[in-house]
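So the chains spell out like this:
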Amino acid sequence: MKKRFFLRTGILLLFFITTWSSIAQIKVTGTVKDDLSLIFGVTVIERGTNNGVLTDFDGNFIITVKSEKSVLQLSYIGMKTISQVVGQQTSFNFTMEEDAAQLDEIVVVGYGTQKKSDLTGSVSSVKTSQLQTQSASNVSDLLQGRVAGLQMVKSSDNPNAASEVRIRGASSLFGTNEPLVVIDGFPFGNDLSGLKQINPANIESMEILKDASSAAIYGSQGANGVILITTKSGKIGKSKIYVRSQISVGSFTSEFDRWKDPVLMAQLSNESKVNGGFLPLYIGEFNQGVYYPSIQELETGEYPHFTDWTDVVFRDMRITKNLTVGANGGNEDSRYNIALNYWDEEGQYKEHNYDRLNVVASLNQKITNKLSARINTNVTFTNTQRDNGTAFNRNPLFPIYNNGNPEDGFFRTNEMDFGNPVERRAAGFVDKGETLDLILNAALTYNITPHLKLQSTVSYKHGATTTDSYTPIGFNNSFDGIAAIYNYKDSSFSSENFLTYTNNFGKHNISAMVGWTYQKNTNRSSYLEGRDFISDALTNEALDLSAVDNRVIRNSAAETGLESAYTRWTYNYDGKYLLNLTARADGSTKFGANNKWGYFPSIGAGWNVHKEGFFGDNDTWNTFKIRTSFGVTGNQGVSPYQTLTRYGSDVFYNGTDWVTTIGPGTIGTSGRFTTFVGIPSKDLKWESTSQFDIGFETQFFNNKLRFEFDYYIKRTTDLIRNKILAPSTAFDFLPVNDGEIENKGLEMTIEYRNLINYGNFKFTPLLTLSGNKNKVIDIGTAADAGLIEDLYGNIYLPNRNNVFFAQLANVYAIGQPARSFYGYRTDGLIQNAEDAAGHLGPRGIIGRVKYVDLSGDGKIGPEDRTIIGNPNPDFFGSLNLAFQYKKWDASVFFDGVYGNEIFDMQKYTRTAAISKRWTPDNPNNEYRRHIDISGGDLVSDHYVADGSYLRLQNISLGYTTEIRKIANTKLRLYLNVDNIYTWTKYAGYSPEVGLEGLDFGGIPRTSTTTIGLDITF
Amino acid sequence: MKKIKLLTILFLVLSFNACTDLTEEPIGFYTDQNFFQNSEESEIALLYAYKVFNFQEYMSGWFDQGLLTSDFCVPKPGETQNGRDVLWSWNMDANTKSFRDFFKFSYIGINRANAVIKNLDGFDANTTEEQIKINQIVGEAKFLRAWHNFVLVRLFGAIPQRESIIEELNEVDIPLTSIEGVYSNIIADLEASESLMQMNKVYARANKVTAQGLLSKVYITLASSKATGVPRYEWVSDADEMYTKAALWSGKVVNEQGIHAMAETNRALFDYDGPNNSQDYNLFARESEFMFYPSQDRSAPHYTQTLGNLFVAFNGYGPYQYQELDGSFTRGFTGWEVYRVNPEFYQTFPSGDLRASGLYTTKIYNANGAEINRGADPWIICKKYIDPLAQWGRDDTKTIFMRFSDIALIYAEAQGANTEGYTWINKIRDRAGLADLTPGLSTDAFRDAVVNERGFELHFEGHRLLDLRRTHQVIEKINKGSIPYAYFFPLPQVEVDLNPNINADPEKRTLN
């Protein structure tokens, strides 16, 4: 409460002080042109104030400034900024020159904008013009390799799959690690899937805020970095209509790994069974109702059936259509941008389709000289038709139809085999979803005085999804048809108000911003399921016709709120010495009464050394800036209601009916291992990340060679983790703050603009390199975190991700990178009885994996395990080669990751590996014996593989031209291919398996060829 | 101009005053604030306490620790889940998963019972009817608390005792209570419970007779443990006094009530769908003999964790059939083959014993009545947990915590070699198609014979290890050499690690 009072008083004071400043007095006019013609849309401002105008269609402007001492500043994208003291003149003619340096580029930062040269933080801008040649339904897919420090992993090309993004490493164990997405100032949450609603063609700019100085202004949401997206608004000038169309064809980059030779498959299967002491399967007899042909029958062709299930289930070629049509224009008073986008994508599975209609309308309206408003709306309708869960790894010897004859009906191995994909497709499955997403944004800007500006934004986001599903009669063990409807609604409201004061006193330039935000999120869901229907005819459209006894009804809701106050103070002396201070206080409903508020300050400093006298003025070394920052951001990625007591429920049969029961303790996780939670964690609070960054940016050779370098250290403390409770408490976990993780790294960006500039041919390479080292420093005590200490000093916490025959593969070990692999060391395969020493029972069979007895106790057991691998990369980077020749442009883009390891669970599911197996005739030391044995292999380094790769990610070629005859029509035609080739040692479909480094199998990746045509007229 | 300036100030002031409240309100779930403590809601909370028995961790734990460890059972080869392999081979330690799970779920049961007892503490009923109802609820809650304590003390020895529910983190850790202290709590709870409860038989709920039965089990345990010199039961004052009390309480069950009785045949007891099974639970054999069992029904609205699966053979995913003694067939369902009858023990069944021939088999049949080949040396299947009408995740099979025949045999054991004792053991033997027990045995020999009979009668119901422990025969009968933890399992390591009141070194825990 006290805080609130001081804040209010402070703001009102500020307000009154500044209204004392005198009003503008001198009227200045002029024209602006470049080499060829007059330019409209040039920004002309009175430096140090918010007073500005734009040149009109004829390049003219009129501006009223304070005094003769006022400085006019003209800026336009791609042009060098001109500064001119007004002095005695009242009329000017300016000629603007092309600016290769782009030092004066304006960058969007949280709650405002800053000149790039004035920044003290580490901010990367993404040129969206380059990205718009690629075909992607979610803009996060386009970020791969574009920004140093940003690691993006896309492990699936499924239209509904999301990619994982990390900026400067992962800093939370149980909370979220996704960066904050802010769209037009509206904090969208730490969830990239929301970006699906934004049409990439509608993005004006994207900034990635990486360090504390830039991200701390977002306080509790900023610990993982921030992605700021600004959508297009109208531009002053003649109205333009634009059409962007793309057609893409996607196909698998590699063949499916499947058995093509049934004889080999059968032989290997028989060998495996016999090795395991079982009867072989392929002996020409029935087994549990299914006939398995003998090897001979397969060799002679007597057994005729062989089905390529991947051909049945997947599309060879997938077509995606993308069309955007829009109009953009306006004048000084009113600017608009409207666009309609239709996206239609075929998924890899034959039934899978995804299409989307997006409508965007934005209006910037000047209401009075001082008051202007902006309204944005973004509406998206999405329709997904899923694949009904068809499986493609059925035994190829099973036919689609009995006896291969459609009239004999579909083939099933037994009455409970529901997996025949063709049968499923012909049956009346329903598996689809519809979503309506809405973003509304209204902002009011009031220039109270030329130095003081008030901005007030109200935003609302709403998403509603309905998912329909139906399992037809004959496809379930217990019920004749299962129908369900799931409704999920999620909405967010936010109100932000901030005041910005800008002024300059001689060479001292200052700005101060202070503001306040309120956000509220609610979600609700309901689920209805009915079972046992008379027929499939109505699918899930009449749930009231299901059997009365077996209905399932569930609903849920949750609400969270966030209140914040923030401020930023910047100071620079003549653009040379820079200082930036931010502070934010966030209060969340999720935390207990004692800890609702968190405080997140930051400080940044910079020095534009090139502006110093001693630096000189030569063409070789143009700019040099050093910057450093330190600050604290937070993470509130925990579920709500942890500070309240939670009761649970169950149903009890009382002899005649099932009645509801309620009592203390609610289920935390269920399934194989049931856990109970429900004791309130009253002292739960924020995780906080403090980050130190130091970096420099420098340019050479007339600003053509640009070099940017950052070093950072991030420490996250008060990590939220589950504290394990003693079983006699009747509860399993309680979330507490106790843990520490560190991320350290380097980022480097090198760009040489026009390295080759010969005639009309230009070549610009751009290289980014990032390396991040992650270390778990502390995660609680051995007992209450479940930490285990092994014989080799490793203290670790198993990551509860069951892999590989119920063994855990990833652990959080103190002093090691997060999610390191933990298991046995191996030494090839067992070749003889001596090798088998210590391997008990069936583990000692010759040809199986040979484990190392690290503990030296003579047997292989849990004490022989240690850290065996690390899924985190040593470094990753990208290289973009851009070419230009007259009207043609081309680019070749590579990206790569080095040093990441993968736990390859699929090693022995691949046909190639099985074929190379150990046999007495082929006693190798790499591929183990093919053996059917219960228990399987242990988690060991035998399965750890190198996942480093270099990928030719994208090649594009484009041609831009103008058709002057038809009123300045601009045309661009382009061709683009992505995911062309990957150089890697990894044997799986793709080394991009996800940030935990576990290969859960899957399908080959997709390469897409896109042809696009953009017309603006 | 001025108007707009004014508006701005107004706007600023207004927006700053829209002070929002950051308190979190629960949506869609019950907490201690919105779940009222009236008598109806207390009964609902009592049912929540009964549900503990339905968890897989409790059901498996009951059998893993009471049956699998004994001479009755052999597990599926290669079965390592829950530490079943080390339990059977007696290589267990404080980290064996089964101990931790069973321990935890028993304490969940105690916590839920405590919630009911606490909420009804000092409750003023408006009418006599309501008072009776409240008494019944409190009685059942105390029974459940005593039940869990009794099971835990026989498995683990000295354990923490919880008298109230846990509501905050700082109420979490409590020290161990000695075995004597635990038994004293158990007896106090059961005596209170017995007097509070009515003698009405309600499906899956405890009643006065159940409490009497449990009391008799407590006393017989104390009696035989003292009499045979079981370690850490030295504090029991006088074995004979315990036998008398056991006879008193089991006598009430056997002679002084009319709601539970012996079933006519053994087969009928485990017939989940036969002519003896019906919705009228008051009349028919199974429900009449069963005195305490969890609620479980095949009409469950969703998939539940079932018991039957663990005992039967796997034959693909389809059903198969068993043959009855009269030649008819009963439908069976596939399972995980975990608990298998130890053939060595099976051979010791007396010849002609209907329990052996009617409730155990090695043969299964397909839909046409043809025998299915189970290989050269098929293991013996126990048929006590087969529901012919079972579906996936839905069946009627239940753990049988207490049944009339169990108490009848306790009565016989407590009485000793007198007329009453002989009458009842012979009733059990007669039902099994056996001749009367040799008359004129000494008290000790008679009691040994009764315990032996318990083995055959309650075979595969989870009582064996506890019977062996209380008669000091564990090492001898299990016959695996000198085994650790023969009489008391180690406290789960997690409990020792996380409870600062428990000394890490078992030697240093001074309580007996």
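Keep in mind that this is a model prediction, so the values were computed, not measured.

Criteria and thresholds
Every chain is numbered independently, its residues counted from 1 as its sequence is written. All chains are assigned letters beginning with A, and all ligands numbers beginning with 1, in the order in which they are written. Local features in a predicted model are, by the rule used here, given only for residues with pLDDT of at least 70; side-chain atom pairs are given and counted only at 80 or more, and totals for whole chains, interfaces and linings are based on all residues. Water and hydrogen atoms play no part in the side-chain values, which are based on all heavy atoms of the structure. Here a cavity denotes grid points, spaced 1 Å and computed from the protein atoms alone, that fit a 1.4 Å probe unable to get out, and a pocket denotes an open set having protein on both sides within 12 Å along at least 5 of 7 lines; residues with an atom within 4 Å of a point are the lining. Grid points are joined across faces, edges and corners, and a volume is the space filled by probe spheres set on the points. Here a helix means four or more residues in a row that DSSP labels H or I, a strand means two or more in a row labelled E, and each is numbered from the N terminus. In this count, Pro and Cys sit with the nonpolar residues alongside Ala, Val, Leu, Ile, Met, Phe, Trp and Tyr, while Asp, Glu, Lys and Arg are called charged and the others, Gly among them, polar. Here an angle of 0 to 180 degrees is reported between the N-to-C directions of two axes, which are lines fitted to C-alpha atoms, with helices fitted over the stretch in contact. Each angle receives one of four descriptions, namely roughly parallel if under 35 degrees, roughly antiparallel if over 145, roughly perpendicular if within 65 to 115, and oblique otherwise. Each crossing gets its hand from how the near helix is turned against the far one by less than a right angle, where anticlockwise is left-handed and clockwise is right-handed. Two residues form a contact once any of their heavy atoms are found within 4.5 Å. A pair of strands counts as paired when DSSP detects no fewer than two bridges linking them. Take the number of residues in a helix, subtract one, and multiply by 1.5 Å to get its expected span. When accessible area is computed with a 1.4 Å probe and restricted to protein chains, residues below 20% of their type maximum are described as buried, those above 50% as exposed, and intermediate ones as partly exposed. Within this document, salt bridges are pairs made up of a side-chain nitrogen of Lys or Arg and a carboxyl oxygen of Asp or Glu, the two lying within 4 Å of each other. Here, nonpolar core means buried Ala, Val, Leu, Ile, Met, Phe, Trp, Tyr and Cys residues that are tied together by side-chain atoms lying within 4.5 Å of each other. Pairs of N or O atoms within 3.5 Å make up the polar contacts considered here, provided that, within protein, one atom can donate a hydrogen while the other can accept it, and that residues adjacent in sequence are counted only when both atoms are side-chain atoms.

Points about empty space enclosed by the protein
Residues and elements named next belong to chain A.
- Computed from the structure, the largest cavity encloses a volume of approximately 520 Å³.
- Forming the boundary of the largest cavity are 33 residues, of which Ser135, Lys154, Asp157, Asp978 and Thr1008 lie nearest the centre.
- Contributions of two or more residues to the lining of the largest cavity are made by β17 (237–252), β20 (317–330), β21 (334–346), β56 (949–963), β57 (969–984) and β58 (1006–1016).
- Along the lines of polarity and charge, the residues of the lining of the largest cavity split into 7 nonpolar, 15 polar and 11 charged.
- Approximately 220 Å³ is the volume found for the second largest cavity.
- Forming the walls of the second largest cavity are 23 residues, and the residues nearest its centre are Gln151, Met152, Val153, Val897 and Tyr949.
- Among the secondary structure elements, those contributing two or more residues to the lining of the second largest cavity are β11 (150–153), β52 (875–885), β53 (888–898) and β54 (901–903).
- No other element matches the 4 residues that β11 contributes to the lining of the second largest cavity.
- Its residues assigned to classes, the lining of the second largest cavity comprises 12 nonpolar, 8 polar and 3 charged.

A few points about the packing of helix α7 (residues 179–196) of chain B against helix α8 (residues 208–228) of chain B
Residue and element names in this part refer to chain B.
- Contact geometry for α7 and α8: axes closest at 8 Å, N-to-C directions at 155°. Here α7 lies roughly antiparallel to α8, going by the angle between them. For the element pair α7 and α8, the recorded crossing hand is left-handed. Every residue of α8 that contacts α7 at Tyr183, Ile186, Ile187, Leu190, Glu191, Ser193, Glu194 and Ser195 is listed here: Lys208, Ala211, Gln212, Leu214, Leu215, Val218, Tyr219, Thr221 and Leu222.

So, the sheet that holds strand β4 (residues 60–65) of chain A
Residues and elements named next belong to chain A.
- Overall, mixed pairing links the 3 strands, which are arranged β4-β1-β7 in an open sheet. Every interior strand has two partners, whereas the edge strands, β4 and β7 (91–95), have only one. Here the strands of the sheet are splayed against their neighbours by 25° on average, with no regard to which way each runs.
- Across 6 bridges, the pairing between strand β1 (residues 26–33) and β4 is antiparallel. Note on β4: the bridge partner recorded for Thr31 is Asn60.

Some details on the sheet that holds strand β2 (residues 43–46) of chain A
Residue and element names in this part refer to chain A.
- The 4 strands are arranged β3-β2-β5-β6 in an open sheet whose pairing can be described as antiparallel. Looking at the sheet topology across the chains shown, the edges are occupied by β3 (52–54) and β6 (82–85). Within the sheet, the average angular offset between the axes of one strand and its neighbour, ignoring direction, is 20°.
- The pairing of strand β5 (residues 71–75) with β6 spans 4 bridges and is antiparallel. The residue of β6 that forms the bridge with Val71 is Val85.

Brief notes about helix α4 (residues 262–275) of chain A
Residues and elements named next belong to chain A.
- The end-to-end C-alpha distance of α4, which contains 14 residues, comes to 20 Å, matching closely the 20 Å that a straight helix rising 1.5 Å per residue would cover.
- Among all positions of α4, only Pro262, Val263, Met265, Ala266, Leu268, Ser269, Asn270, Glu271 and Ser272 are buried.
- Buried positions along α4 lie against α5 (295–300) and α9 (911–915).
- The first or second residue beyond α4 is Gly277, which carries a positive phi of 85°.

Re the pairing of strand β6 (residues 329–332) of chain B
Residues and elements named next belong to chain B.
- What you see with β6 is a clean split: Thr330 and Gly332 sit on the buried side and Phe329 and Arg331 on the side with no burial.
- As paired strands, strand β5 (residues 320–323) and β6 are joined by 4 bridges and run antiparallel to one another. Bridging from a neighbouring strand, Gln321 pairs with Arg331 of β6.
- In this structure, the hairpin formed by β5 and β6 is closed by a connection of 5 residues, where Gly327 is found at a positive phi of approximately 95°.

Examining unusual backbone geometry
- For Asp718(A), which is not glycine, the phi dihedral falls at a positive 60°.
- Looking at where Asp718(A) falls in the secondary structure, it is placed in the loop between β37 (705–717) and β38 (720–724).
- Judged by its relative accessible area of 25%, Asp718(A) is partly exposed.
- The phi torsion at Trp90(B) lies on the positive side, around 60°, for a residue other than glycine.
- Topologically, Trp90(B) is positioned in the loop between α4 (84–89) and α5 (97–120).

Topic: the pattern of salt bridges
Residue and element names in this part refer to chain A.
- Inspection of every chain in the model, using the stated rule, returns 78 salt bridges over all chains.
- Across the salt bridge formed by Arg168 and Asp693, the nearest N and O atoms sit 2.8 Å from each other. One end of the pair, Arg168, is in the loop between β12 (164–167) and β13 (180–183); the other, Asp693, is in strand β36 (residues 687–700), with 525 residues separating them in the sequence.
- Residue classification places Arg168 among the buried residues on the basis of a relative accessible area of 1%.
- Asp693 gets classed as buried once you look at its relative accessible area, which sits at 1%.

Some details on the nonpolar core
- Core analysis: the largest hydrophobic core is formed by 153 residues, its most contacted members being Phe143(B), Trp147(B), Phe311(B), Tyr339(B) and Phe460(B).
- Broken down by element, this core gets its largest block of residues, 14 residues, from helix α6 (residues 128–156) of chain B.
- In contact with Tyr339(B), other than residues within four places in its own chain, are Ser60(B), Phe63(B), Asp64(B), Leu67(B), Leu68(B), Cys73(B), Val74(B), Arg84(B), Leu310(B), Phe311(B), Trp379(B) and Phe460(B).
- Formed by 26 residues, the second largest nonpolar core is a distinct cluster that contains Phe256(A), Val263(A), Phe314(A) and Ile400(A).

Re the environment of Ser546(A)
Residues and elements named next belong to chain A.
- Note on placement: Ser546 falls in the loop between β27 (508–531) and β28 (552–573).
- Ser546 sits in the buried class, given a relative accessible area of 5%.
- As for Ser546 and Asp480, which are separated by 66 residues in sequence, their C-alpha atoms are 9.6 Å apart.
- Leaving out residues up to four positions away in the same chain, Ser546 has contacts with Gly530, Arg531, Asp532, Phe533 and Arg551.
- There is a polar contact of 2.8 Å between the side chain of Ser546 and the backbone oxygen of Leu543.

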